[in-house]
Amino acid sequence: MRVDVACRAGHGGSDEPVAFTLGERRVRVTEILDRWPGGDHLYFKVRGDDGARYILRRDFEILVWELEVYEASTDTYGE
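Keep in mind the model is a prediction, meaning the values are calculated, not measured.

How each quantity is defined
Residues numbered from 1 in each chain as written. Predicted model: local features only at pLDDT ≥ 70, side-chain atom pairs only at ≥ 80, totals over all residues. Heavy atoms only, no water. Buried < 20%, exposed > 50% of the residue type's maximum accessible area, 1.4 Å probe, protein only. Helix = DSSP H or I, 4+ residues; strand = E, 2+ residues; numbered from the N terminus. Pairing = 2+ DSSP bridges. Axes fitted to C-alpha atoms, helices over the stretch in contact; angles between N-to-C directions. Salt bridge = Lys/Arg side-chain N within 4 Å of Asp/Glu carboxyl O.

## Brief notes about the pairing of strand E5 (residues 53-59)
Along E5, six of the seven residues are buried, which leaves the element largely enclosed by surrounding structure. In terms of strand pairing, strand E4 (residues 41-48) meets E5 through seven bridges, oriented antiparallel. Looking at the pairing, Arg47 lines up with Arg53 of E5. Hairpin connection of E4 to E5: four residues between the antiparallel strands, including Gly51 at a positive phi of 85°.

## Observations concerning the sheet that holds strand E6 (residues 65-71)
Read around the closed barrel, the six strands follow the order E1-E2-E3-E4-E5-E6; overall the barrel is antiparallel. Between one strand axis and the next, the sheet turns through 40° on average, direction left out of account. The sheet contact formed by strand E3 (residues 25-38) and E4 spans eight bridges and is antiparallel. The residue bridging Pro37 from the neighbouring strand is Leu42, located in E4.

## Considering the pattern of salt bridges
For the structure on display, the rule yields eight salt bridges. A salt bridge links Arg8 to Glu16; its shortest N-O distance comes to 3.3 Å. Judged by relative accessible area, which is 48%, Arg8 ranks as partly exposed. In this structure Glu16 comes out as buried when scored by relative accessible area, which is 5%. A salt bridge links Arg47 to Glu31; the shortest N-O distance between them is 3.6 Å. Remark: Glu31 occurs in strand E3 and Arg47 occurs in strand E4; sequence separation between them is 16 residues. Look at Glu31 and you get partly exposed, because its relative accessible area is 39%. In the salt-bridge network here, residues are joined through shared partners; they are Arg8, Glu16 and Arg35.

Printed below as a string of structure tokens:
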């Protein structure tokens, strides 16, 4: 699923996600849990301000972001 992602210059000068939009909802990235390259994509595992974890990937060739995985928070306190 394609998503709109707001970025900032991060580690090594590459773009890092700071927020993204799911439908009408904007999710702020509170923590980047992991990142790794994969072929022609760069992956980010992040925690959103809703407590959920997401895996976002950026396509190097066409410069689009996609949501790959969503894992809802099981803790009602956002942890």
